[in-house]
Amino acid sequence: MKITPKRSLLILFFILSAISLLRLLRITATTSSPAVHQTLVHTCSSASPTCNTNKHHSQNSFLEKLSQKELKLLLKIISYKSPCNLLVFGVGPQSHLLPSVNNGGITIFLEEEPQKLKFIRKNYMSMQVYKVGHSAAARNAYKLLKHAREDPNCAPLGGPLQSSSCQLALRQLPKEVYDLKWDIVVVDGPSGDKPESPGRMAAIYTAGLIARAGKETEVLVHDVNRMVEKWFSWEFLCAENMVSSKDNLWHFRIRGNSSSKSFCSNATIQIL
């Protein structure tokens, strides 16, 4: 049978169509496999605080760890300042390392999740851990930021933290938190991993006030890949005070200034 140019083009068209269909079926089968699904879930959960596709991840945030670079930076700062006064918002699987590095100093942890408290108190009885409450959900972050910008009681000169009327002020912390001058403050809690979860807005704001009450305080904020942590760090810890970072851990150095009327010397950052 003689094959005309027109017939040849039709045959070639059908061959290419068949190849494309086979490739599509192969891609579909591959992306439905458990391994790829787990990779996509992990990427989703780590990229956004509101992404809850990975239910195991969000329900077991205690299993989250600082990366090797983040932990190295944190331990280096503590070692350099030790013995010092170290305040940590949140506990995690590496928390037991911090008091040993801060040998001879005071290390206090503030945690709100009962299961974490139970684990720490059972396995690391020497750690000084207090239960605290964080009522503001992460989804209310922008509303609270707007309030803080408009309410003069939220300014650095708004009065003692424990009696402040600012909605971001943590007024029921242990007495030691208000009495001591802190050399290092670490914000790695509460979870803030979902819109309805307690957010870190008040912890970052409080860290900013505590730091300004001392002489020079190192403040570290974890999970700055998330919008809430990023917003509130810029607002209350300030870009001008940032000295280093590793992965999703930002390091600020804040010099005490009890007479300052604002947190940052530059203009307010506009969040779009």
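Computed from a predicted model, the values in this text were never measured in an experiment.

Caption draft 1: Representation of the nonpolar core within the structure. Formed by 44 residues in total, the largest nonpolar core has its most connected members in Leu-87, Leu-168, Tyr-205, Val-219 and Phe-232. Ranked by the residues each element gives to this core, the list is headed by helix H9 (residues 201-213), at nine residues. When neighbours within four sequence positions are excluded, Leu-168 is seen to be in contact with Leu-144, Ala-148, Met-201, Ala-202, Tyr-205, Thr-206, Phe-232 and Phe-236. Counting residues in hydrophobic clusters, the runner-up holds 20 residues, among them Leu-66, Leu-71, Cys-84 and Leu-98.

Caption draft 2: Summary view of the packing of H9 against helix H10 (residues 227-236). Closest axis-to-axis distance for the H9/H10 pair is 9 Å, and the angle between their directions is 25 degrees. Overall, the two elements H9 and H10 adopt an arrangement that is roughly parallel. In the packing of H9 onto H10, the handedness of the crossing is right-handed. Residues Met-201, Ile-204, Tyr-205, Gly-208 and Arg-212 of H9 form the contact with H10, whose own contacting residues are Val-228, Glu-229, Phe-232, Ser-233 and Phe-236. When its residues are assigned to classes, the contact of H9 with H10 shows six nonpolar, two polar and two charged.

Caption draft 3: Broad picture of the confidence of the model for the protein chain. Summarising the model, the protein chain shows a mean pLDDT of 80, and 73% of its residues fall at 70 or more. The model gives residues 20-63 a pLDDT under 50, and that stretch makes 33 contacts with residues more than four places away or in other chains. Across residues 267-272, confidence stays below pLDDT 50; counting only partners more than four residues off in sequence or on other chains, it has seven contacts.

Caption draft 4: How the structure looks around helix H7 (residues 141-150). Those residues of H7 that fall on the buried side of the exposure criterion are Ala-141, Leu-144, Leu-145, His-147 and Ala-148. Along the axis of H7, the buried positions cluster into a sector of 160 degrees, meaning they face one direction only. Facing away from the buried surface of H7 by more than 90 degrees, the exposed residues are Lys-143 and Glu-150. Taken together, the buried residues of H7 touch H9 and H10.

Caption draft 5: The arrangement of the environment of Ile-77 in detail. You can see Ile-77 is positioned in helix H4 (residues 68-81). Judged by relative accessible area, Ile-77 falls into the buried class, the value being 10%. In this view, Ile-77 contacts Ile-184, Glu-218, Leu-220 and His-251; residues no more than four positions away in its chain are not counted.

Caption draft 6: Main features of the packing of aromatic side chains. All told, the structure shown has eight aromatic pairs when counted by the stated rule. Plain terms: the ring middles of Tyr-142 and Trp-231 are 5.8 Å apart, the flat faces sit at 70 degrees to each other, and that makes the pair edge-to-face. Pair noted here: Tyr-142 is in helix H7 and Trp-231 is in helix H10, with a separation of 89 residues, a long-range link. Relative to Phe-236, the ring of Tyr-205 lies with its centre 5.2 Å away and its plane at 85 degrees, an arrangement referred to as edge-to-face. Remark: Phe-236 occurs in helix H10 and Tyr-205 occurs in helix H9; sequence separation between them is 31 residues. Per residue, the accessibility class of Tyr-205 equals that of Phe-236, and both read buried. Feature note: the residues Tyr-205, Phe-232, Phe-236 and Phe-263 constitute an aromatic cluster, connected by ring pairs.

Calculation criteria
Residues numbered from 1 in each chain as written. Predicted model: local features only at pLDDT ≥ 70, side-chain atom pairs only at ≥ 80, totals over all residues. Heavy atoms only, no water. Core = buried A, V, L, I, M, F, W, Y, C linked by side-chain atoms within 4.5 Å. Buried < 20%, exposed > 50% of the residue type's maximum accessible area, 1.4 Å probe, protein only. Helix = DSSP H or I, 4+ residues; strand = E, 2+ residues; numbered from the N terminus. Contact = heavy atoms within 4.5 Å. Axes fitted to C-alpha atoms, helices over the stretch in contact; angles between N-to-C directions. Parallel < 35°, antiparallel > 145°, perpendicular 65-115°, else oblique. Left-handed = near helix turned anticlockwise from the far one by under 90°. Nonpolar A, V, L, I, M, F, W, Y, C, P; charged D, E, K, R; others polar. pLDDT = per-residue confidence, 0-100. Arc of directions from axis to C-beta. Phe/Tyr/Trp six-rings, centres within 6.5 Å; stacked < 30°, edge-to-face > 60°.

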